[in-house]
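Descriptive structure summary
Take a look at the letters that make up each chain.
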Amino acid sequence: MCLPSYRTSGASLFLIMLSAEGLLLMRILALWYNNRKIKLFLLASYSLMVVSMVTCDVFAEFLLESVCAPTSTLSTLEVATKVEHLMMGKFISAALFEFDVIILTMGHSILLYSNGIRSIGGP
């Protein structure tokens, strides 16, 4: 019973995180529409995030069967800790991508300010 629940919640979490970060990617790509190097950097970091999330999910999937065993032993607790670390890996990879986006958004604001533009719609 616990294995289907974990698989469903893991897949849901993956899709939700992927779509949220994808929306953030679209926003920052629109902000840097005229800079090819930054757009390539953003696409590469998003791709790296997706690959690391998939890798963490695949490794966690292999360990979930032993976590959902009816008996609880010390090795089961160790495996559960490993699964928890893999789940945290998904969040950390998304957080690193979001950190890139924050830095680039601040950099864009500083660039606009240094060019004398006080806001995107302003003079």
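Structure shown above.
A brief structural summary.

Concerning the packing of aromatic side chains
Working definition: an aromatic ring pair is given by the centre-to-centre distance plus the angle between the planes. The final tally for this structure, using the stated rule, is one aromatic pair. Pairing tyrosine 46 with phenylalanine 97 gives two aromatic rings, centres 5.6 Å apart and planes at 65°, and the pair type is edge-to-face. Within this pair, whereas tyrosine 46 is found in helix H2 (residues 36-67), its partner phenylalanine 97 is found in helix H3 (residues 74-114), the two being separated by 51 residues in sequence. Considered together, tyrosine 46 and phenylalanine 97 belong to a single accessibility category, that of buried residues.

Quick notes on the environment of leucine 24
Relative to the elements of secondary structure, leucine 24 occurs in helix H1 (residues 2-31). Classification of leucine 24 by relative accessible area gives partly exposed; the value is 24%. When the C-alpha positions of leucine 24 and tyrosine 46 are compared, they lie 10.0 Å apart, and in sequence the two are 22 residues distant. When sequence neighbours within four positions are dropped, the list of residues in contact with leucine 24 reads Phe97, Glu98 and Val101.

Rules of the game
- Residues numbered from 1 in each chain as written.
- Predicted model: local features only at pLDDT ≥ 70, side-chain atom pairs only at ≥ 80, totals over all residues.
- Heavy atoms only, no water.
- Phe/Tyr/Trp six-rings, centres within 6.5 Å; stacked < 30°, edge-to-face > 60°.
- Helix = DSSP H or I, 4+ residues; strand = E, 2+ residues; numbered from the N terminus.
- Buried < 20%, exposed > 50% of the residue type's maximum accessible area, 1.4 Å probe, protein only.
- Contact = heavy atoms within 4.5 Å.

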